[in-house]
Amino acid sequence: MSWTHATLLALLAVLLALNWSPGAESAAVARSTENAKGPAGVELQRIFIKEADASNFFRKRSRRAVKSQDELNAEQSQVLAADERKREFHEEKRNEFESYAEEDHDEQNERTRESTEQWREFHYDGMDPPHEYNRHTA
């Protein structure tokens, strides 16, 4: 059990030393121009963000806090994109059903017409002119 206490004490000492060191203010590339040259002589740019911005970057927004305009715009664009996809999907399904219903209706009319013609041919007695010439159109 004593080795765990020693390990924890050593980790605590390292943590305190890192916390009190003056180089831990923020993480950024050196500002001096003689040290800020890259291998090809190109100046290095700032890579990291300021300490205040970095601490706020991962901070979770509380549930009741007001959302930023960027968050609202992003959510709105996602909602609009989802609505557009849903509308296109339903429009495609409606068009498919309409074409199916139209084909089915046409097939039913064709079957009815054929069966009616067969019935007329079978029951035609030859006394009256055929129905094609005796049809009353509205």
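All values reported here derive from a predicted model rather than from experimental measurement.

Explain the overall build of the protein chain to me, please; I cannot follow it from the model alone.
A tally of regular secondary structure across the protein chain gives 3 helices and 0 strands. When the helices and strands of the protein chain are read in sequence order from the N terminus, they spell out α-α-α. Taking all 138 residues of the protein chain together, 2% fall into the buried category. Counting every atom, the protein chain has about 13500 Å² of accessible surface; 57% of that belongs to carbon and sulfur.

Explain the pattern of salt bridges here, please?
Counted by the stated rule, this structure contains 7 salt bridges. The partner of lysine 93 in a salt bridge is glutamate 96, and the shortest N-O contact between them spans 3.9 Å. With lysine 93 and glutamate 96 both in helix 3 (residues 69-123) and 3 residues apart, the pair spans about one turn of that helix. Given a relative accessible area of 43%, lysine 93 falls into the partly exposed group.

Just checking my understanding: could you explain a negative patch on the surface for this structure?
Together, Glu102, Glu103, Asp104, Asp106 and Glu107 make up a negatively charged patch on the protein surface. Within the secondary structure layout, aspartate 106 lies in helix 3.

Mind showing me how you'd approach a nonpolar patch on the surface here?
Taken together, the side chains of Leu9, Leu12, Leu15, Leu16 and Trp20 present a nonpolar region at the surface, about 590 Å² in accessible area. By the secondary structure assignment, leucine 15 is in helix 1 (residues 2-20). For leucine 15, a relative accessible area of 55% translates into the label exposed.

Can you help me understand helix 1 in this one?
Each turn of an α-helix holds 3.6 residues, which means side chains three or four residues apart point in the same direction. An ideal rise of 1.5 Å per residue puts 27 Å on 19 residues; helix 1 measures up with 27 Å between its terminal C-alpha atoms. Of all 19 residues in helix 1, 0 are buried, a share of ten percent or less.

Would you take a moment to explain the confidence of the model for the protein chain for this structure?
Considering every residue of the protein chain, the mean pLDDT works out to 78; 64% of them sit at 70 or more. Looking at the elements of the protein chain, mean pLDDT is at its lowest for helix 2 (residues 51-57), recorded as 69, and at its highest for helix 3, recorded as 94.

The rules behind each value
The numbers attached to residues start from 1 for each chain and follow its sequence in the written order. It should be noted that, the model being predicted, local features are given only for residues of pLDDT at least 70 and side-chain atom pairs only at 80 or more, the latter also being counted only at that level, while totals for whole chains, interfaces and linings use all residues. With hydrogens and water excluded, all non-hydrogen atoms of the structure serve as input to the side-chain values. Secondary structure counts use DSSP, requiring at least four H or I residues in a row for a helix and at least two E residues in a row for a strand, with both numbered from the N terminus. Throughout this description, buried means an accessible area under 20% of the type-specific maximum (1.4 Å probe, protein chains only), exposed means over 50%, and partly exposed covers the range between. The Shrake-Rupley method, run with a 1.4 Å probe sphere, supplies the accessible areas, and residue values consider only the shown protein chains as cover. Any carboxyl oxygen of Asp or Glu within 4 Å of a side-chain nitrogen of Lys or Arg constitutes a salt bridge here. To count toward a patch, a residue needs a relative accessible area over 30% and no salt bridge; like charges are then connected within 9 Å, while nonpolar side chains (Val, Leu, Ile, Met, Phe, Trp, Tyr) are connected within 5 Å. Positive charge is attributed to Lys and Arg, negative charge to Asp and Glu, and no charge count is given to His or to the chain ends. For the purpose of locating charges, the reference atoms are NZ of Lys, CZ of Arg, CG of Asp and CD of Glu. Any helix carries an expected span of 1.5 Å times its number of residues minus one. Looking at any residue, its pLDDT shows the predictor's confidence there, from 0 to 100.

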